Amino acid sequence: MEDRATPFLYLEMSDTPGDDYAATRVTKMLTRGGVARATWWENACRGRTDLPRKLQEFSLLGVYEVDDGFTTPSTPDGITGHHFRRTPRPGQGCLTGRPTLGLMLVLISPRQPSEAQALRDWADFVHIRHIAEAGVPGYSMITPYENVTGGDPRFLHFYEMDTDDPETAFQTMTPMVADRIGKPGTPAWDHWANTPELRIVYVNTFRRLGERSA
């Protein structure tokens, strides 16, 4: 995150109030081997309807920066965990020198396992590329990760933002991309917005509540 090349991320999703999550779950997780830092985030647009959603909605996101010695923990009732590793290709965007205050969390999978590489190529060379090139205010780095199990959701696109209003930044992004490549309905737009291999699992924006290092 920010100016660090984090090799693995472990995410937790729940409806636990932020203060309770920090006092109990974060404290416990930071004692585990391989955990370097924890941040926790509130959902900035809970129940959004403009994009598909296959996961149960949640109000709080825990993000743990972990190394290759980390093992996925058991989770209490009401918490779901997902463990991701960096893909070989680099992140895209810019380092602004400002802290990450907002996130956009994008979870996707191929429609068929055999389509994973085609989906990865489209995401890296088309979709993320054009977002990074648009220079959207508030956006900084966009880093791709892959599920360590190869399961669902297969890929995480971790969008970092240096604004505490990530939903407004997200709503600004699509018009800025359209200004660069063409409006909805044009071939370039259609190629950027979708690909036959894509299955959207979850998309939403989050505002940072707190952080703590091990």
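Quick notes on the rules
- Residues numbered from 1 in each chain as written.
- Predicted model: local features only at pLDDT ≥ 70, side-chain atom pairs only at ≥ 80, totals over all residues.
- Heavy atoms only, no water.
- Core = buried A, V, L, I, M, F, W, Y, C linked by side-chain atoms within 4.5 Å.
- Buried < 20%, exposed > 50% of the residue type's maximum accessible area, 1.4 Å probe, protein only.
- Helix = DSSP H or I, 4+ residues; strand = E, 2+ residues; numbered from the N terminus.
- Contact = heavy atoms within 4.5 Å.
- Axes fitted to C-alpha atoms, helices over the stretch in contact; angles between N-to-C directions.
- Parallel < 35°, antiparallel > 145°, perpendicular 65-115°, else oblique.
- Pairing = 2+ DSSP bridges.
- Phe/Tyr/Trp six-rings, centres within 6.5 Å; stacked < 30°, edge-to-face > 60°.
- Lys NZ or Arg CZ within 6 Å of the ring centre and 35° of its normal.

*Asks:* Describe in detail the nonpolar core, supporting the description with residues and values.
*Replies:* Membership of the largest hydrophobic core comes to 28 residues, with the highest contact counts inside it found for Met104, Ile131, Tyr139, Tyr159, Met173, Val177 and Trp192. Sorting elements by how many residues they give to this core places helix 2 (residues 116-134) first, with 8 residues. Setting aside residues no more than four positions away along its own chain, Tyr159 makes contact with Gly102, Leu103, Met104, Val106, His127, Ile128, Ile131, Tyr139, Met141 and Ile142. If you look at the next biggest cluster of nonpolar residues, it comprises 18 residues, including Leu61, Val63, Leu103 and Leu105.

*Asks:* Residue-level account of the packing of helix 2 against helix 3 (residues 166-181), with values.
*Replies:* The description of two packed helices rests on the angle between their axes and on the distance between the axes. At a minimum axis separation of 9 Å, helix 2 and helix 3 run at an interaxial angle of 95 degrees. On the basis of their axis angle, the class for helix 2 and helix 3 is roughly perpendicular. Within the contact between the two elements, helix 2 uses His130, Ile131, Glu133 and Ala134 and helix 3 uses Met173, Met176, Val177, Arg180 and Ile181.

*Asks:* Give me the side chain of Thr163: which residues, what numbers.
*Replies:* Mapping Thr163 onto the fold places it in the loop between strand 8 (155-161) and helix 3. Ignoring any residue separated from it by four or fewer positions in sequence, one finds Thr163 in contact with Leu101, Gly102, Gly138 and Ala169.

*Asks:* Can you tell me about the pairing of strand 7 (residues 139-147), naming the residues and giving the values?
*Replies:* Burial of strand 7 is extensive: 8 of the 9 residues sit out of reach of the surface. Where strand 4 (residues 79-86) lies against strand 7, 3 bridges are found, and the strand directions are antiparallel. Its bridge partner being in strand 7, Arg85 is matched across the sheet by Glu146. Pairing of strand 5 (residues 92-93) with strand 7, which is carried by 2 bridges, proceeds in the antiparallel orientation. Bridged to Gln92 within strand 7 is Ile142. Looking at chain direction, strand 7 and strand 8 are connected through 6 bridges and run antiparallel. From the neighbouring strand, Tyr145 faces strand 8, where its bridge partner is Leu156.

*Asks:* Tell me about the packing of aromatic side chains, and please be specific about residues and values.
*Replies:* Summed over the entire model, instances satisfying the criterion amount to 7 aromatic pairs. Measuring from centroid to centroid gives 6.1 Å for Tyr10 and Tyr64, while their planes differ by 35 degrees, and the two rings are tilted. Residue Tyr10 is found in strand 1 (residues 8-14), and its partner Tyr64 is found in strand 3 (residues 60-66); the two are separated by 54 residues along the sequence. The buried category is assigned to Tyr64, whose relative accessible area is 0%. Consider the rings of Trp189 and Trp192, whose centres lie 4.9 Å apart with planes at 50 degrees: the pair is tilted. Of this pair, Trp189 and Trp192 are both found in helix 4 (residues 187-193), 3 residues apart, which corresponds to roughly one turn of the helix. We note that Trp189, like Trp192, is buried. An aromatic cluster is built from Tyr10, Tyr64 and Phe70, whose rings are joined through pairwise contacts. Just above the ring of Phe155 sits the side chain of Arg120; from NZ or CZ to the centre is 4.7 Å.

Distances and angles like these do not, on their own, reveal function.
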